[in-house]
Amino acid sequence: MPAASAASQPTAADKPALQPKARSGPQRLDLQTIFSWLLADGIVAKDEVKSLYTQAQVLHKNASVAMHPLVAVAQCKLKSAAPPHRPLTLDWLTEWLAGKVKLPFFRIDPLKIDFTRVADVMSSSYATRFHILPVEMTTNELVVATCEPFATEWEAEIAKISRRSVKLVIANPLDIAQYTTQFFALAKSIKGAKQQNGQDAALRSNFEQLVELGNHKQVDANDQHIINIVDWLWQYAFEQRASDIHLEPKRELCAIRFRIDGVLHQVYQVPPTVMIAMTARIKLLGRMDVIEKRRPQDGRIKTRTNSGEEIELRLSTLPTAFGEKLVMRIFDPDVVVKSLPELGFPPDDAARWDQLTTRPHGIILVTGPTGSGKTTTLYTTLKALATSEVNVCTVEDPIEMVEGSFNQMQVQHGIDLSFADGVRALMRQDPDIIMVGEIRDLETAEMAIQAALTGHLVLSTLHTNDAPSAVMRLLELGVPYYLLESTLIGIMAQRLTRTLCVHCKSPDGEISNEVWHSLVEDWDIPKPATIYRPVGCPECRQTGYRGRTGLYELLTVSQPFSKMIQAETDIHALRKQSIADGMKPLRLAGALKIVEGTTTVEEVLKVTSALT
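Values in this document were obtained by computation on a predicted structure and should not be read as measured data. (Residues numbered from 1 in each chain as written. Predicted model: local features only at pLDDT ≥ 70, side-chain atom pairs only at ≥ 80, totals over all residues. Heavy atoms only, no water.)

**Topic: the packing of aromatic side chains**
Keep this limit in mind: In this scheme Phe, Tyr and Trp rings, the latter by its six-membered ring, pair at centre separations within 6.5 Å, and the angle between planes marks the pair as stacked below 30 degrees, edge-to-face above 60, and tilted otherwise. Put simply, DSSP H or I for four residues or longer makes a helix, DSSP E for two residues or longer makes a strand, and each gets a number counted from the N terminus. When a residue's accessible area, from a 1.4 Å probe over protein chains only, is under 20% of the maximum for its type it is buried; when over 50% it is exposed; and in between it is partly exposed. We call a charge positioned above a ring when the Lys NZ or Arg CZ atom is no farther than 6 Å from the ring centre and deviates by at most 35 degrees from the ring normal.
For the structure shown, the criterion picks out 12 aromatic pairs. Relative to tryptophan 96, the ring of tryptophan 37 has its centre 6.4 Å away and its plane inclined at 65 degrees; by these criteria the two rings are edge-to-face. Here tryptophan 37 is found in helix α1 (residues 31–40), whereas its partner tryptophan 96 is found in helix α4 (residues 90–100), with 59 residues between them in sequence. Just as tryptophan 37 is buried, tryptophan 96 falls in that class too. When the ring of phenylalanine 345 is compared with that of tryptophan 353, the centres are 6.4 Å apart and the planes differ by 40 degrees; the resulting orientation is tilted. Neither residue differs from the other here; phenylalanine 345 and tryptophan 353 are each classed as buried. Among the aromatic side chains, those forming a connected cluster through ring pairs are Trp232, Tyr236, Phe258 and Tyr268. One Lys or Arg, arginine 498, reaches over the ring of tyrosine 545 and ends 4.1 Å from the middle of that ring. The aromatic ring of tyrosine 532 is capped on one face by lysine 505, whose charged end is 4.9 Å from the ring centroid.

**Thoughts on the nonpolar core**
Threshold: Put simply, a nonpolar core is a bunch of buried Ala, Val, Leu, Ile, Met, Phe, Trp, Tyr and Cys residues held in one set by side-chain atoms that sit within 4.5 Å of each other. What makes two residues a contact is simply this: any of their non-hydrogen atoms within 4.5 Å.
Counting residues in each nonpolar core, the largest one holds 96 residues, and the members touching the most others are Leu247, Phe258 and Met328. Among the elements that take part in this core, helix α10 (residues 224–239) stands out by supplying 9 residues, more than any other. The residues touching phenylalanine 258, leaving out its near neighbours within four places in the chain, are Leu111, Leu233, Tyr236, Ala237, Ala242, Asp244, Ile245, Val263, Leu264, His265 and Val267. Counting 41 residues, the second largest nonpolar core, distinct from the first, contains Leu426, Ile491, Leu551 and Val557.

**Concerning the sheet that holds strand β9 (residues 323–331)**
To be explicit about the condition: Pairing between strands is defined by DSSP: at least two bridges between the two strands are required. Note on method: axes are straight lines fitted to C-alpha atoms, helices fitted across the in-contact stretch only, with angles between N-to-C directions ranging 0 to 180 degrees.
Strand order across the open sheet formed by 6 strands is β6-β5-β4-β9-β8-β7, with antiparallel pairing between neighbours. The open sheet terminates on both sides in strands that have one partner only, identified here as β6 (263–270) and β7 (297–304). Averaged over all pairs of adjacent strands, the angle between their axes in this sheet comes to 20 degrees, without regard to strand direction. One ladder, built from 4 bridges, connects strand β4 (residues 242–248) with β9; its direction is antiparallel. Directly across from isoleucine 245, in β9, lies its bridge partner methionine 328. Sheet contacts for α10: β4, β5 (254–260), β6, β7, β8 (310–320) and β9; angle to β4, the most-contacted strand, approximately 145 degrees.

**Concerning the pairing of strand β14 (residues 457–462)**
Remember that side chains alternate between the two faces of the sheet whenever the strand is regular. When you tally the buried positions in β14, you get 6 out of 6 residues, the bulk of the element. Burial along β14 is two-sided: the face carrying Leu457, Leu459 and Thr461 and the face carrying Val458, Ser460 and Leu462 are both buried. Direction of pairing for strand β10 (residues 362–367) relative to β14: parallel, over a ladder of 6 bridges. The residue of β14 that forms the bridge with threonine 367 is leucine 462. With 4 bridges joining them, strand β13 (residues 433–436) and β14 adopt parallel strand pairing. Counted as the bridge partner of methionine 435 is leucine 459 from β14.

**As for the confidence of the model for the protein**
Counted only if it meets this: As a per-residue measure, pLDDT tells how confident the predictor is, with possible values from 0 to 100.
Model confidence for the protein is summarised by a mean pLDDT of 85, while 90% of its residues fall at 70 or above. Averaged pLDDT values for the elements of the protein fall to 38 in helix α9 (residues 207–210) and rise to 96 in β10. Across residues 1–26, confidence stays below pLDDT 50; counting only partners more than four residues off in sequence or on other chains, it has 53 contacts.

**Overview of the environment of glycine 478**
Within the secondary structure, glycine 478 is located in the loop between α17 (469–477) and α18 (481–487). Assessed through its relative accessible area of 37%, glycine 478 is described here as partly exposed. Put simply, glycine 478 and alanine 445 are 33 residues apart on the chain and 9.0 Å apart in space, counted from C-alpha to C-alpha.

This is the structure in structure tokens:
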């Protein structure tokens, strides 16, 4: 009905509630039908339906592009008139519509859809015309997402073309529109790239061809199809909060995987020819040797997200049996401006860490396995310390994130510039604070100790399971115990654990006494009355977890602890003394996160399993 004559026309409140029709004919949903159903279900109040209908109608008519009626209703930002008065979001409305028309609700997760396969079913213009999107295809069935359950004139035609029965599901209309554009465009680029690069390039992806000398025919890394694919890959990884992108060559179809919140997810599979061209394109942008495929290489790229934020990617290639594997680690510059509490530090540990890092000299070590957040902790700390009054220098392999307030040096093994050589050079640069990327050998350890003895604060990383074990590791490298005793001032071990999604986490009863005791041991920490479990929602991609937080074990070297560092030191005695000095073990740190409702028992046990 026209907006101008809404008052004189019968409104949804004056009409009987419409019942879901049989799915036939080209009729599309309209606002009148939607509001009739909302009124019948008590979701909108009878005395408000007229004004709400008019508001949605104005939004619908004034939209610059065609707007689905559910989108217009969602933009009104209504709340249900029926308890518990939840907001009528577009996802909620779509799921409600699915129930009304008795079709399954389908939440489109692009990480789980083989777009190159489903895009063969129909053209992009055909999908756009009928507001549909094929999302899954099996031997006998084609699953098609729609937001127009009554407009099914296309169904018989698609069933005949695909030679499969068609199963309809209801999906978010905005998701259908967005992914229709992305899936078909990307499928077109992949097909075009495959045809452009030909089949002979695929032959070079096997092991026999990989090790042959002189077979260096270069694929076209600047092909527009490849440019589109790589650009999309990066933007999509940024949107999904990925920390790493893996391009993995295989015999038949190559895999693209994202690491999100510490867990790898397969995104897509592409033909070997496309993977070769994608890898060449990324190596070209990272100033790497595109021709060289027989040895590992490192590179870096700085780019921007759609919102204009700068993102840095660190590249690493590895020759494998089927070709070059490429891993891109994504570094968010915003990480270094986070505070210690934002990284997950408890207030007391943050205060103790600040006291350590403001000491004028000494060695502070951060330990933990690869990917446990050591570099993030060090960068955050150095960013806070790097004022105009101090000279902060780092030697890294490679430089993780370029930061203007540091003086950063990269290790160059090809010209014999090691960590130890880098520290030796930095000592002549009048530094106040030195960060050594990692202590790997005795020479580097001795140079770090020498720097600490001559009045510098030295921060570095080490690979050990817990904080007290760092002392044993340095002794094993050959560092004299008396030098450790005089220079070591603090050690911190850390892990990263996934945090529960705040939008969907749910109470999960009480934790058993046995499990709780395994976490807190003899510490007097009361057992929480309720723990939480992951559920899954659109905000967390149905995983139940969103983001990660740190678990920290901070050892401050006291005088009694220092005296226990001997040539034949007992690790159990060191651990006992460090706890007496105030160190909280990693499992206890995890238990406190469980009490806060931040994470789950399973996550804490998983990341601290090596400590048992």
